[in-house]
Amino acid sequence: DGIVYCSKIKKEALKINWQDTARAIANRIRAFSLKPGAYCLWKDIRIKLLKADILTADEKGSNPGDIGGKTESGTVVRADKKAGIVVKCGKKSLIRIDTLQPEGKRAMPPADFINGYRLKAGERFE
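Calculation rules
- Residues numbered from 1 in each chain as written.
- Predicted model: local features only at pLDDT ≥ 70, side-chain atom pairs only at ≥ 80, totals over all residues.
- Heavy atoms only, no water.
- Helix = DSSP H or I, 4+ residues; strand = E, 2+ residues; numbered from the N terminus.
- Buried < 20%, exposed > 50% of the residue type's maximum accessible area, 1.4 Å probe, protein only.
- Contact = heavy atoms within 4.5 Å.
- Areas by Shrake-Rupley, 256 points an atom, 1.4 Å probe, with all protein chains shown as cover.
- Pairing = 2+ DSSP bridges.
- Polar contact = N/O pair within 3.5 Å; in protein donor to acceptor, adjacent residues only side chain to side chain.
- Phe/Tyr/Trp six-rings, centres within 6.5 Å; stacked < 30°, edge-to-face > 60°.
- Lys NZ or Arg CZ within 6 Å of the ring centre and 35° of its normal.

Caption draft 1: Here's a closer look at the overall build of the protein. Scanning the protein from N- to C-terminus turns up four helices and five strands. Secondary structure elements of the protein, listed N to C terminal, follow the sequence α-α-β-β-α-β-β-β-α. Put simply, the protein has 126 residues, and 40% of those count as buried. Of all intrachain contacts in the protein linking residues separated by at least 6 positions in sequence, the fraction that spans at least 24 positions is 55%. Accessible surface, the protein: about 7,700 Å² in total, of which carbon and sulfur atoms supply 50%.

Below is the structure:
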């Protein structure tokens, strides 16, 4: 009793689907954090997402990005040192990425990624 078996995790299960809700994406990131690591692509660079938070209604109100139907899921709606990296998910939900790791690099906070890689609002994670 108390033992639970699951099937082997496939690589396809690790890739973030930005059409999912922010809650589903945050849960996937938390489930696979550190190893093997949930990931997405940005400019053909594989980025592991290690920690993320769902934005609350209060935080959404202060967000200048368009989270309506015009903005595609996976679009960065905010990228600055103060707010961090905010990405639109499915069902008009938002997630804030708190720790990420570009392929072959160390884990870093969003401010370091924004400075080093020049990420801007309007760009898309795939």
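This is not the end of the story, as more comes after the structure.
Caption draft 2: Up close: the pairing of strand β5 (residues 94-102). Buried residues dominate β5, accounting for seven of its nine residues. Inspection of the sheet shows strand β4 (residues 84-88) paired to β5 by four bridges, in the antiparallel sense. Following the sheet pairing, Ile-85 is matched in β5 by Ile-97. Here β4 hands over to β5 after five residues, with Lys-91 in that stretch at a positive phi of 55 degrees.

Caption draft 3: Molecular detail of the environment of Ile-9. Take Ile-9: it is sitting in the segment before α1 (11-14). On the basis of relative accessibility, which here comes to 44%, the residue Ile-9 falls in the partly exposed class. For the pair formed by Ile-9 and Pro-36, sequence separation is 27 residues and the distance between their alpha carbons is 9.1 Å. Non-local contacts of Ile-9, meaning those with residues more than four positions away in its chain, are made with Leu-14 and Phe-32.

Caption draft 4: Broad picture of the environment of Arg-118. Tracing the sequence through the fold places Arg-118 in the segment after α4 (110-117). With relative accessibility at 54%, the residue Arg-118 sits in the exposed group. Along the sequence, Arg-118 and Ala-79 sit 39 residues apart, while their C-alpha atoms lie 9.3 Å from each other. Sequence-distant contacts of Arg-118, defined by excluding residues within four places in its chain, comprise Phe-113 and Glu-123. Engagement of the side chain of Arg-118 in a polar contact is seen with the backbone oxygen of Asn-115, the distance being 2.7 Å.

Caption draft 5: Spatial organisation of the packing of aromatic side chains. One pass over the full model with this rule turns up four aromatic pairs. Summarising the aromatic geometry, the rings of Trp-18 and Phe-125 are spaced 6.0 Å apart at their centres and angled 25 degrees between planes, so their arrangement reads as stacked. Within this pair, whereas Trp-18 is found in the loop between α1 and α2 (22-32), its partner Phe-125 is found in the segment after α4, the two being separated by 107 residues in sequence. The exposure classification of Trp-18 matches that of Phe-125, with both residues buried. Pairing Trp-42 with Tyr-117 gives two aromatic rings, centres 6.2 Å apart and planes at 80 degrees, and the pair type is edge-to-face. Of this pair, Trp-42 sits in strand β1 (residues 38-42) while Tyr-117 sits in helix α4, and the two are 75 residues apart along the sequence. Each member of the aromatic cluster is reached from another via a ring pair, and the members are Trp-42, Phe-113 and Tyr-117. Across the ring face of Tyr-39, the terminal group of Arg-46 is positioned such that the distance to the ring centre comes to 3.7 Å.

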